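# Structural features, examined
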Amino acid sequence: MNGHTSDHGEKEKCLGSVEIRRPLYKTQTFRDRFMKTEDERQSLTGSLVDKLKSSLQCKPEKRKNCLYNVFPFFGILRKYKWREDLPNDVIAGLTVGIMQLPQGMAYSMLADMPPVVGLYMAFFPVLIYFLFGTSKQISMGTVAVVSLMTGGVVSKATAQWRLSQNLDVSDLAPAINGTMLNGTVFPTGTTFLPGEIQFKFVVASTVCFMAGVIQIIMGFGKIGFVTTYMSDSLVSGFTTGAAVHVFTSQVKYILGLKIPRFENMFQIANTYKALILNIGDANIASLVISGICIVILYVVKVQINQRFKSKLKIPIPVELVVVIAGTIASHFGQFYQNYHIKVVGAIPAGLPVPSVPNFSLMPTYISDSFGIAVVAFAQSVSLAVLMAKKHHYDIDSNKELMAYGLGNVFGSFFSCYPFAASVSRSSVQDSAGGRTQVASLFSATLVLIVILFIGPLFEALPNCVLSAIIVVALRSMFLQVLELRELYKISIYDCAIWVVTFVCVVFLHVDVGLVIGIIFSFFTVVVRTQITKATSLEKVHDVEVLKTSSIYEKTEHFSGVKVVGFNAPLYYANAELFMKNVFRVVGIKPRVLRKKLKKLTFGDSMTSQQVLITDVSVVMQMEPTKSCLDKTDDTKPMKNGKQMNGSYLSAVEELRPVHHVVIDCSAMHFIDPVGVKMLKQIYHEYNTVGITVFLGGVRDEVWPVLEYSGFVDLYGDCIFLTVYDAVMMAMEDQKCSNGFIEDAEQTTIIVEASPEDKLLPMAT
């Protein structure tokens with residue numbers, strides 16, 4: 001191996017040299033010699049039987065592993081370093097718990113639920129995830145996207161419920177000072193219908209239960225891989241589009257306007273239309289308070305917490321500070337009475353009474369629940385994988401599914417809606433030094449104290465303060481737009497997925513946008529396989545590697561041999577394009593060459609079905625052509641062959657400079673029946689003009705398709721272990737052919753008049 005000189009004239013040193021001497025292998029020969037027999041290879045039935053026997057064994061070690069698999073926290077506690085890990089988990093847990101309070105109440109508004117529900121979600125599902133979750137750093141609870149999707153379901157169901165009750169606006173009654181009806185507390189300044197809040201609880205808990213059941217089924221089915229169909233660009237575009245919905249939903253609280261929540265398509269357009277029509281009724285006091293809170297939150301979170309992250313042991317809990325300050329100011333300033341600012345209202349002290357979800361409503365919300373379950377899982381597991389990579393441990397996506405599902409099922413009995421992992425809280429838990437999910441126990445403990453004793457103190461908290469917290473928290477999602485420029489440089493397809501998903505989510509609907517984004521992602525995969533172009537491969541100087549000359553220098557082509565590379569599977573969607581690409585790379589279209597050979601030999605006088613053309617290279621008939629190395633001495637020139645002179649032979653060689661075509665199949669991960677038919681047609685088309693086709697590097701998973709379709713029976717001698725084997729055999733084949741013809745007086749090619757429409761060879 002010689003050194004390579006760069007454009008700068010610097011000679012790069014070789015790491016060493018490699019010299020390999022081995023026989024050239026046909027794929028069938030290699031498989032017959034080295035592949036294990038059926039008896040040696042374990043069958044699918046045998047594998048299942050062995051797994052069943054293994055699962056029925058009850059050894060002590062197996063019981064122990066089973067315990068750790070079902071309850072991962074036992075494995076975490078077994079390796080827990082109490083002196084080192086506990087202090088960090090305590091600090092991280094309390095820090096996250098402080099964040100859970102304002103975020104939980106704020107995100108509950110997105111779900112069209114009372115603020116106290118956010119506190120319940122920071123306690124009940126978190127305990128379940130501690131027992132069954134495999135991630136050590138993520139913080140579970142309320143998140144913006146899932147809250148928004150749940151709110152859409154709850155709001156739509158509530159609107160239909162109102163219509164079913166034949167009630168209108170005149171039936172609404174204002175809730176003054178936290179009015180209670182049938183044990184339910186209503187926020188001060190809101191309007192309600194009898195039984196409306198209870199119905200919202202029923203819908204949310206039913207959706208939560210269904211989402212949990214779906215996630216458990218997915219976990220049992222080991223289909224945690226479904227998130228692989230949601231690429232990073234799709235998730236980023238979806239979450240950014242959802243952030244626009246979240247922001248839009250909070251504008252009315254910031255402006256102090258009372259406008260309905262729009263459902264179905266074009267939510268954002270309808271919402272801003274209503275905002276513009278009612279802008280004259282905006283509450284200036286609510287706008288001023290929101291503005292002050294947004295400025296304070298931004299300055300502390302971005303300019304202090306992020307800028308001095310390395311110097312701060314724990315970030316300043318500015319959200320809690322704003323909530324406490326806003327509550328105190330609202331209480332003593334009597335914001336509701338004096339400025340008509342909507343406030344949270346009375347929060348009941350104590351844990352909620354367990355209630356069973358309404359199972360009769362499950363068929364109604366199964367589709368919505370499925371979408372929420374998948375989105376919640378995708379966001380949570382992607383964050384869990386990120387944290388696991390950062391801290392060098394593994395997570396199990398199927399166990400994560402089980403943990404999310406069990407948490408949702410358990411939480412549904414305590415008025416919760418679906419939960420997920422929060423990016424902001426998980427980042428804080430990690431940066432605060434959290435080592436394990438023990439931190440979530442301290443977070444849940446702090447939330448429990450608030451639920452039991454401190455919750456009622458937030459009665460005077462203005463809703464616009466919670467909206468300000470949500471708006472500032474969306475900053476990280478909106479910043480994902482800046483990734484588009486870099487994404488465009490990396491992959492225009494991923495950039496297109498981002499844009500299409502974002503636009504559909506924003507202008508249509510969250511659920512519709514997600515479905516369209518996934519479909520469009522699949523479409524781009526098909527497009528990529530369809531536009532994959534075949535390339536001409538050549539040998540790199542002094543290296544047994546084949547590369548395209550358009551990218552690599554010092555390449556050497558093989559005389560009379562054309563190597564075609566195709567980096568995509570071969571199936572019905574691109575089979576026709578593949579054949580056209582092969583003809584383009586080889587530079588010979590069989591149909592055109594047949595006409596030229598006919599004209600060269602007989603001019604315009606041909607009238608018969610077949611034409612005999614004498615040539616000195618190979619005997620071609622309308623059947624699969626075999627290698628010259630496989631020909632026997634009993635091959636005779638045909639009597640009807642027409643003796644041609646040297647000028648004719650030169651003309652033929654000029655028209656047909658290629659005698660072998662080698663197709664690189666190493667990148668074809670699968671081939672379907674249509675792809676096999678196209679390969680047969682390529683073989684047949686080139687055989688009719690005296691060109692032999694070889695395959696190289698056929699993968700083991702593709703071989704059965706070729707075998708069962710009869711391709712191996714017809715062309716098995718033309719399939720080689722590697723592309724280089726095929727090239728070397730083609731060179732040897734041509735040498736053999738030339739030697740064979742020297743002893744023969746003449747040979748004949750039979751060219752059919754119109755064979756281009758036939759997929760399979762004709763028998764002569």
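Above: the structure in question.
The structure contained in this document is the topic of the report that follows. Within any chain, residue numbers begin from 1 and follow the written order of that chain's sequence. Note on the predicted model: pLDDT of at least 70 is required for a residue's local features to be given, and 80 or more for side-chain atom pairs to be given and counted; whole-chain, interface and lining totals, by contrast, use all residues. For the side-chain quantities, the full set of heavy atoms in the structure was used; hydrogens and water were omitted.

## A look at the overall build of the protein
This is how it is decided: Numbering of helices and strands runs from the N terminus; a helix is a DSSP stretch of H or I covering at least four residues, while a strand is a stretch of E covering at least two. Relative accessible area decides the class of each residue, using a 1.4 Å probe on protein chains only: under 20% of the type maximum gives buried, over 50% gives exposed, and in between gives partly exposed. Residues are treated as being in contact if the distance between any of their heavy atoms lies within 4.5 Å. To measure how exposed things are, a 1.4 Å probe is used in the Shrake-Rupley method; for residues, cover is taken only from the protein chains shown.
Each helix and strand counted, the protein has 30 helices and 15 strands in total. Counting every position in the protein, which comprises 764 residues, the buried fraction comes to 50%. In the protein, 81% of the contacts between residues at least 6 apart in sequence involve partners at least 24 apart. Total accessible area on the protein stands at roughly 37,600 Å², and carbon and sulfur atoms take up 61% of it.

## Focus on the pattern of salt bridges
Side chains bearing opposite charge may pair, as long as their charged atoms lie close to each other. Going by this rule: Any carboxyl oxygen of Asp or Glu within 4 Å of a side-chain nitrogen of Lys or Arg constitutes a salt bridge here.
The tally for this structure, following the rule as stated, stands at 10 salt bridges. The partner of K390 in a salt bridge is D430, and the shortest N-O contact between them spans 2.5 Å. Here K390 is found in helix 15 (residues 362–391), whereas its partner D430 is found in helix 17 (residues 423–431), with 40 residues between them in sequence. Look at K390 and you get exposed, because its relative accessible area is 52%. Of the residues examined, D430 reaches a relative accessible area of 11% and is grouped as buried. Among the salt bridges present, the one from E685 reaches R594, with a minimum N-O distance of 3.3 Å.

## Description of empty space enclosed by the protein
Convention followed: Space inside and on the surface of the protein is sampled on a 1 Å grid over the protein atoms alone, with a cavity defined as a set of points where a 1.4 Å probe fits but cannot get out and a pocket as an open set with protein on both sides within 12 Å along at least 5 of 7 lines; lining residues have an atom within 4 Å of a point. Grid points are joined across faces, edges and corners, and a volume is the space filled by probe spheres set on the points. Any residue that is not Ala, Val, Leu, Ile, Met, Phe, Trp, Tyr, Cys, Pro, Asp, Glu, Lys or Arg is counted as polar, Gly included; the first ten are nonpolar and the last four charged.
With the rule as written, the count across this model stands at three cavities of 30 Å³ or more. Its volume calculated, the second largest cavity comes out at about 60 Å³. Taken together, V96, Q100, V126, Y129, I138, S139, M140, Q429, Q437, S440 and S443 make up the lining of the second largest cavity. The class makeup of the residues in the lining of the second largest cavity is five nonpolar, six polar and no charged.

## Structural notes on the packing of helix 8 (residues 144–164) against helix 9 (residues 196–220)
The condition is simple: Under this scheme, a helix contributes an axis fitted over its contacting stretch, all axes are lines through C-alpha atoms, and angles between N-to-C directions fall in the 0 to 180 degree range. Roughly parallel means an angle under 35 degrees; roughly antiparallel, over 145; roughly perpendicular, 65 to 115; everything else is oblique. Handedness of a helix crossing follows the sense of rotation of the near helix relative to the far helix, less than a right angle counterclockwise being left-handed and clockwise being right-handed.
The contact between helix 8 and helix 9 brings their axes to 10 Å, and the two run at 135°. In terms of orientation, helix 8 lies oblique with respect to helix 9. By crossing handedness, the relation of helix 8 to helix 9 is classed as right-handed. Residues V153, V154, A157, T158, W161 and R162 of helix 8 lie in contact with helix 9, whose contacting residues are E196, F199, K200, V203, A204 and V207. Broken down by class, the residue content of the contact of helix 8 with helix 9 amounts to eight nonpolar, one polar and three charged.

## Topic: the pairing of strand 12 (residues 660–664)
As a reminder of what qualifies: Pairing between strands is defined by DSSP: at least two bridges between the two strands are required. Whether a crossover is right-handed depends on one test, that the path from the first strand over the helix to the second runs clockwise when the strands point away from the viewer.
Along strand 12, five of the five residues are buried, which leaves the element largely enclosed by surrounding structure. Of the two faces of strand 12, the one holding H660, V662 and D664 and the one holding V661 and I663 are both buried throughout. Pairing between strand 10 (residues 561–565) and strand 12: five bridges, direction parallel. Note that in strand 12 the partner of K562 across the bridge is V661. This β-α-β element, strand 12 to helix 27 (residues 673–687) to strand 13 (residues 692–696), shows right-handed connectivity.

## Observations concerning the packing of aromatic side chains
Basically, it comes down to this: Classification of ring pairs rests on two measures: the distance between centres of Phe, Tyr or Trp rings, Trp counted by its six-membered ring, which must be within 6.5 Å, and the angle between planes, read as stacked under 30 degrees, edge-to-face over 60 and tilted in between.
The final tally for this structure, using the stated rule, is 26 aromatic pairs. Both rings, one in F209 and one in F413, keep their centres 6.2 Å apart while their planes meet at 90°; by these two values the pair is edge-to-face. Of the two residues, F209 is situated in helix 9 and F413 in the loop between helix 16 (397–412) and strand 6 (420–422); the sequence distance between them amounts to 204 residues. Taking the relative accessible area as the measure of exposure, F209 reaches 14% and is therefore buried.

## As for unusual backbone geometry
Positive phi values are uncommon outside glycine, yet H392 reaches one of about 60°. Assignment of secondary structure puts H392 in the loop between helix 15 and helix 16. Look at S415: it is not a glycine, yet its phi comes out positive at around 65°. Along the polypeptide, S415 turns up in the loop between helix 16 and strand 6. Judged by its relative accessible area of 13%, S415 is buried.

Take it as geometry only, folks, not as evidence of what the structure does.
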